[in-house]
Amino acid sequence: MVDLHGQYLRIKDEIDREVLNVIESTAFINGPAVKAFQEDLEAYLGVRHVIPCANGTDALQVSLMALGLKPGDEVITTTFTFIATAEVIALLGLTPVLVDIDPRSFNIDLEAVRRSITPRTRAIIPVHLFGQCADMDGILRLAREHGLYVVEDAAQAIGSTYYDAEGSHKAGTMGHVGCTSFFPSKNLGCYGDGGAVFTNDDALAATLRVIVNHGMTRRYYHDLVGVNSRLDSIQAAILRIKLPHLDGYNAARRDAADRYDALLGRHPKVSVPFRSPNTSHTFHQYTLLVHDGYRDGLLEHLQSKGIPCAIYYPVPLHLQKAYLDPRYGQGDFPVAEAVAAECLSLPMHTELDAEQQEYIAGEIKAFLA
Ligand SMILES: *Cc1c(COP(=O)(O)O)cnc(C)c1O
């Protein structure tokens, strides 16, 4: 699905040098590279605080911990996302309240969120799925009306921009907290695991920094129950080199998406991705809908031709075994269920060229003919 090696070769000299520098320095944990990357990312995002941590799942977990949510509190999120979004809600003993998605953007459906608010609701987690922002204007307005926290899951949308009446905002900087992941295949990926939390709230940032470090306020004095969640110095050094390339990486993905659109946009058996007018799409995934029951056959055909593609996601959360709940069943979220049955993500990365895409589109058309 992604060509990480090709991308590495373009920046190899710098990466090799900086990784060796960290090894020579032996400042493996909380070394200067971590602080430097944190500051670079704060400047890029235009956010007051970046709190680096070990991965995107931890970023979500420590965010909910820092907001002081208590067992029984309800957290509304989308049923069509990577499992991590709901996993942390369940792990903390909070109650996940799942809702359906918008049929065009595949992002959380604002009206469904509105209908799901109860006196126990404390937070909403919109996921900026596949690289474009959810309807943040509507979600933030709803949250203000009801006194709710907003935790953005921006693991797939780092560098995406959202436009509203006030101007433009980077994904993850609009809610009380934003979370991202630096998993290797994400748009800003490191060479292992990594993640970060963003916030403009000074007090919340201070709490988050304590929580990711064992709840420690001064050495061996623990005022809160925390976790051990750090970004390695080596990963920070790599991310610091890659961050200035992020806008270029996202532009390369958009160019590739434009080429797929031109090749497949008029085919009657597929729908190409919708582009919301108020957000830039960073195409973490380029996800088609394949109609008329051809999806699984097409997946098999492409894989047999050596074209890596995948289904994100085959089963919405409300139908996952670990998350089965008497509140929900098959048919309750018809949009997410229909999308799960038809979605197919094509190869998408920064090194994709027109020739490869013509081959991929050719095989798609050949199979569907
Ligand atoms: C990747 C991802 C996460 C989790 O990130 P990790 O770094 O793998 O823990 C969370 N939410 C979404 C939507 C993701 O795509």
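Let us look at the structure shown here. (Residues numbered from 1 in each chain as written. Predicted model: local features only at pLDDT ≥ 70, side-chain atom pairs only at ≥ 80, totals over all residues. Heavy atoms only, no water.)

What follows covers the packing of aromatic side chains. Counted according to the given criterion, the structure contains 11 aromatic pairs. When the centroid spacing of 5.5 Å and the interplanar angle of 75 degrees are considered together, the rings of F37 and F182 count as edge-to-face. Here F182 lies in the loop between β8 (177-181) and β9 (195-199) and F37 lies in helix α3 (residues 32-45), a separation of 145 residues in the sequence. Of the two residues examined, F37 and F182, each falls in the buried class. On the numbers, 4.7 Å between centres and 35 degrees between planes, the contact of Y260 with Y286 is tilted. Separated by 26 residues along the polypeptide, Y260 in helix α10 (residues 246-264) and Y286 in strand β13 (residues 286-290) bring together distant segments of the chain. Assigned by exposure class, Y260 and Y286 land together as buried. What links up through ring pairs into an aromatic cluster is the set F80, F82, F106, F130, Y312 and Y313. Note that R218 overlies the ring of Y221, its terminal NZ or CZ placed 4.0 Å from the centroid. (Phe/Tyr/Trp six-rings, centres within 6.5 Å; stacked < 30°, edge-to-face > 60°. Helix = DSSP H or I, 4+ residues; strand = E, 2+ residues; numbered from the N terminus. Buried < 20%, exposed > 50% of the residue type's maximum accessible area, 1.4 Å probe, protein only. Lys NZ or Arg CZ within 6 Å of the ring centre and 35° of its normal.)

The subject of this paragraph is the pattern of salt bridges. Inspection of the entire model under this criterion finds 12 salt bridges. Residue R275 pairs with D261 through a salt bridge whose shortest N-O separation is 2.8 Å. Of the two residues, R275 sits in the loop between β12 (270-271) and β13 while D261 sits in helix α10, which places them 14 residues apart along the sequence. With a shortest N-O distance of 2.7 Å, D296 and R295 are connected by a salt bridge. Residue D296 is classed as partly exposed on the basis of its relative accessible area, which comes to 47%. Taking the relative accessible area as the measure of exposure, R295 reaches 7% and is therefore buried. (Salt bridge = Lys/Arg side-chain N within 4 Å of Asp/Glu carboxyl O.)

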